[in-house]
There are 2 protein chains.
Amino acid sequence: MNLEKIYSYINTHQERHFEKLKKMLLQPSVSPQNIGITQCAELLSTFFKDLNCETEIFETDGNPVVYGKYDAGAEKTLLVYFMYDTQPYDEPGWTHPPMEAALAPLELPSGTVTALFNRGTINTKGPMMTFLNAVESVQNTEGLPFNLLLVAEGEEELGSPHLPDFVAARKKELQKADACIFPFFLQNTKGKATLDLGVKGIIYFELECSGKEWGRGPTEFGIHGSNKAWVDSPAWRLIHALSTLTEDNGNTVVIDHFYDDVAPPSPEDETLIKKLVETFDPEPFKETMKVRKFVIDEKDREALIKKLLYTSTLNINGIWGGYIGEGSKTLLPHKVTAKIDIRLVPNQERDKMLPLVRNYLDKKGYKDLKIKVLDVGYKWSKVSVNEPVVQAMIRTCRNYGYEPEIWPHLAGSAPFYLFSDVLGIPYVMGALGHGARAHSPDEYIVYKGNDKVLGLDGAQKSMVAFFDEWLKG
Amino acid sequence: MNLEKIYSYINTHQERHFEKLKKMLLQPSVSPQNIGITQCAELLSTFFKDLNCETEIFETDGNPVVYGKYDAGAEKTLLVYFMYDTQPYDEPGWTHPPMEAALAPLELPSGTVTALFNRGTINTKGPMMTFLNAVESVQNTEGLPFNLLLVAEGEEELGSPHLPDFVAARKKELQKADACIFPFFLQNTKGKATLDLGVKGIIYFELECSGKEWGRGPTEFGIHGSNKAWVDSPAWRLIHALSTLTEDNGNTVVIDHFYDDVAPPSPEDETLIKKLVETFDPEPFKETMKVRKFVIDEKDREALIKKLLYTSTLNINGIWGGYIGEGSKTLLPHKVTAKIDIRLVPNQERDKMLPLVRNYLDKKGYKDLKIKVLDVGYKWSKVSVNEPVVQAMIRTCRNYGYEPEIWPHLAGSAPFYLFSDVLGIPYVMGALGHGARAHSPDEYIVYKGNDKVLGLDGAQKSMVAFFDEWLKG
């Protein structure tokens, strides 16, 4: 591939590419609140068509999958996984408006950059449009020398409940791909590139205590708080039930058999971790996320990495019930609910975990507490560092002067098991670029970079450079 | 007093009185959310002026006290305590609109009535307007044979933080009163009248756990839930902290010395309870409040009554933190808060309770948890059944054919200590009439009654009848 020619195209089309990105960002697509999904799917399908893809809006029982096929008549086929949905943006704490694609200077440890603030910038509309713009740049210069299968789901933030249906329906076609890529930005605030070779699994549910199910306390509505003297409290019940699930530190889960299937790091993982320890620096994470301390002493880097990667967690994402407005309304609530997720590590099985929670609650006398599954969940997934597509991304980083930090897997979750386990295709995340605060206020990506962190044009070029490396094999 | 003449006036002015009540109900006055307070105070002052009262809007550091004086040149003076503020009305569960003064049939165990649904109907704009309309009816027929001191505060639902300032400023004037009345409806769904001779005290506070104060967990905003593996959780911390405060049942408080000052029922109380046991029926409460079971077996009526009246409680009015919207956003919250109140019984002292909570939390290792006092709180208060004003209300009920059930005190709270302890004036609640669901959806009073429960006209007449009995001494 004639990289210089393609890079020159990218240089002269920055404005056009930014306008396309903005259009995508300003189109809400909040799957947890069902805002703008259909419109976003349609917008994305026009972007696929612009790249001369045979495009289909694949309807599911939930949000549609936007599916694009580009047949270059080439030998190799790249499967691309996108998510076009985002988290909600109505939480407090945004200092930039969450849906106005605001550009503003941002101080990073590597120097000042111009950041683009919007819900969905890093997670993952920024990387998605970077990929599509990179493809356009190749197509409009020397033509794309490989085939594309573009799969964009609108339910990643819901746990991808219907992506398995799509994969089952198009399995034969999808299995022709040689490799899969999930466009993402690999750089941190200091410019270091990090490559994650997998993800944890996840199950997400609500745990609810209500007077109705319990048969005690108020059953239909909250009642005057003075009645606490002679009427039981579902709020206190949920608190005591929750408190039985972990040790006092809130970190060690004490549900019977919860950790039984947790495997130690594999020999390949151990090798990767030994290398990782040399370069891993927790400071950028602490700075960006405003975290001062970890659950263990950070000086033992190996232990800290293993804590992050090999810990199966029980997290309270939210809890609510009763009067939560201003002031001092007295109320005995009839219902209190917690949103909880379990992260799964090798070799925990999805289907085994909720029964463990149920059995434990039953044993502790909380049979009336309702478990309402919100996400069917993901299995964990891993890919070997030796896969050619992974090696191609590593070489791409090195060519840019970044020795990538290789992580055996990510602490987060994504439906990658559909590629690795169901389709049997190796995958990689990339390319270069930086963004942060997924799921938090002031989510951003870097628009204009500095010496260390690539901006959007650099990110597009690195995506093209990856194409080149991958074709080389 | 020529009661027949006054009752006839009430009969012919029902529409006028209902319009005045509606005007008061439709004027929002939500003190916890600061909605409509000033307008409601002004509206009420016009009602006072209509009764030829010398009227003052007494400004405080919070909401004004509306103060009205009517000098009949009479021997006796009645001090009237009103609250013109209400709870919020934005909670779900209203089947009638909360601010449209909707009239609708309601099935009560005593038969069908026409009920008036609105926030503040029973708590306490309905009884307030009943009193004012009763006074008007006496004034416009044979003239009022006693003096009035009308005190209406707009911060009862906030714990009356500034009523003590008003009482201190007007103490000399107020102390001239012979007795005090808090207009309220004494009848339950079956028509039985209940008289409460006092109230519990209350303290209201928020207990907050934040990463910022703790120095662990996310400190500034919620972060991606996958970080639970290596970052601590303020949500789990609050849950574990709360769980140390009560036994598993959520009823028995285990804070050191929490119950130390709880006194057994006085001899007068024991006598009242013995009588109460004969007539007390928990069914109407259970039916209205949709409560199936009490914290103890209800068959032992004496124990149940004592449980309600002599239990100091620690109630969770609400709890919230993290992601509480639809769906499955994964988040590690940085802050979680619970709204808690303590109800005080004789002889617990207000100022001693919060230090007990603080010391206990500190002892358990939760020094970072913040206690934010929302209400300075009330002291508990009691009045003897032998007070002439109480006896007058009892005779009023009997004259109507209702043998009132006398309760040594209420489980709820009100700033009555200002009358009993600060001013040294006995008080009573009344008159007849019925309403329910204070602080809950579908709060109502009975507009047109049945054989057992008085409607609004009957409630007004019973208030006039009380005036007559009280004047008799």
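Remember, it's a predicted structure, so these values are computed and weren't measured experimentally.

K.L.:
What's the story with the packing of aromatic side chains in this structure? I'm lost.
P.N.:
For any pair of aromatic rings, the description rests on two quantities: the centre-to-centre distance and the angle between the ring planes. Under the counting rule described, the total for this entry stands at 44 aromatic pairs over all chains. An angle of 45 degrees between the planes, with centres 4.5 Å apart, marks the rings of Trp230(A) and Phe294(B) as tilted. Pair noted here: Trp230(A) is in the loop between β11 (223–224) and α8 (234–243) and Phe294(B) is in the loop between α10 (283–289) and α11 (301–310), and the two residues belong to different chains. There is no split in this pair, since Trp230(A) and Phe294(B) are both buried. Between the aromatic rings of Phe117(B) and Tyr444(B), the centroid separation amounts to 5.9 Å while the plane-to-plane angle is 50 degrees, which identifies the pairing as tilted.

K.L.:
Explain the state of the cysteines here, please?
P.N.:
Think of a disulfide as a covalent bridge from one cysteine sulfur atom to another cysteine sulfur atom. Using the criterion set out here, one finds 0 disulfides over all chains in the structure. We note that Cys180(A) lacks a disulfide partner, and the nearest cysteine sulfur, in Cys53(A), lies 15 Å from it.

K.L.:
Just checking my understanding: could you explain the relation of the copies chain A and chain B for this structure?
P.N.:
Each copy of the chain is related to the other by a rotation around an axis and a translation along that axis. Superposing chain A onto chain B takes a rotation of 180 degrees plus a shift of 0.0 Å along the axis, which leaves an RMSD of 0.0 Å. One copy is carried onto the other by what is essentially a two-fold rotation axis. Residues of chain A ranked by C-alpha distance from the rotation axis are headed by Trp320(A), positioned 2.1 Å from it. Counting the interface residues of chain A, we find that 100% of their copies in chain B are interface residues as well, pointing to one common contact surface.

K.L.:
Even after reading the chapter, I still don't get the pattern of salt bridges, so can you show me in this structure?
P.N.:
Where charged atoms from two side chains of opposite charge approach closely, those side chains can pair. Residues and elements named next belong to chain B. The tally for this structure, following the rule as stated, stands at 60 salt bridges over all chains. In this structure, Lys 286 engages Glu 283 in a salt bridge whose closest nitrogen and oxygen atoms are separated by 3.4 Å. Note that Lys 286 and Glu 283 are positioned in helix α10 at a spacing of 3 residues, about one turn of the helix. The buried category is assigned to Lys 286, whose relative accessible area is 12%. For Glu 283, a relative accessible area of 37% puts it in the partly exposed group. Notably, a salt bridge pairs Glu 302 with Lys 306, separated by 2.9 Å at the nearest N-O pair. Of this pair, Glu 302 and Lys 306 are both found in helix α11, 4 residues apart, which corresponds to roughly one turn of the helix. For Glu 302, a relative accessible area of 27% gives the class partly exposed.

K.L.:
Sorry, what's going on with the environment of Lys69(B) here?
P.N.:
Residue and element names in this part refer to chain B. The topology assignment puts Lys 69 in strand β2 (residues 65–70). Accessibility expressed as a relative area gives 22% for Lys 69, which makes it partly exposed. Along the primary structure Lys 69 and Glu 54 are separated by 15 residues, whereas in three dimensions their C-alpha atoms are 5.0 Å apart. Of the polar contacts made by the side chain of Lys 69, one reaches the side chain of Glu 173; its length is 3.2 Å.

Rules and cut-offs
Residues numbered from 1 in each chain as written. Chains lettered and ligands numbered in written order. Predicted model: local features only at pLDDT ≥ 70, side-chain atom pairs only at ≥ 80, totals over all residues. Heavy atoms only, no water. Phe/Tyr/Trp six-rings, centres within 6.5 Å; stacked < 30°, edge-to-face > 60°. Helix = DSSP H or I, 4+ residues; strand = E, 2+ residues; numbered from the N terminus. Buried < 20%, exposed > 50% of the residue type's maximum accessible area, 1.4 Å probe, protein only. Disulfide = S-S within 2.5 Å. Least-squares fit on C-alpha atoms with pLDDT ≥ 70 in both. Contact = heavy atoms within 4.5 Å. Salt bridge = Lys/Arg side-chain N within 4 Å of Asp/Glu carboxyl O. Polar contact = N/O pair within 3.5 Å; in protein donor to acceptor, adjacent residues only side chain to side chain.

Any link to function would need more than the numbers given here.
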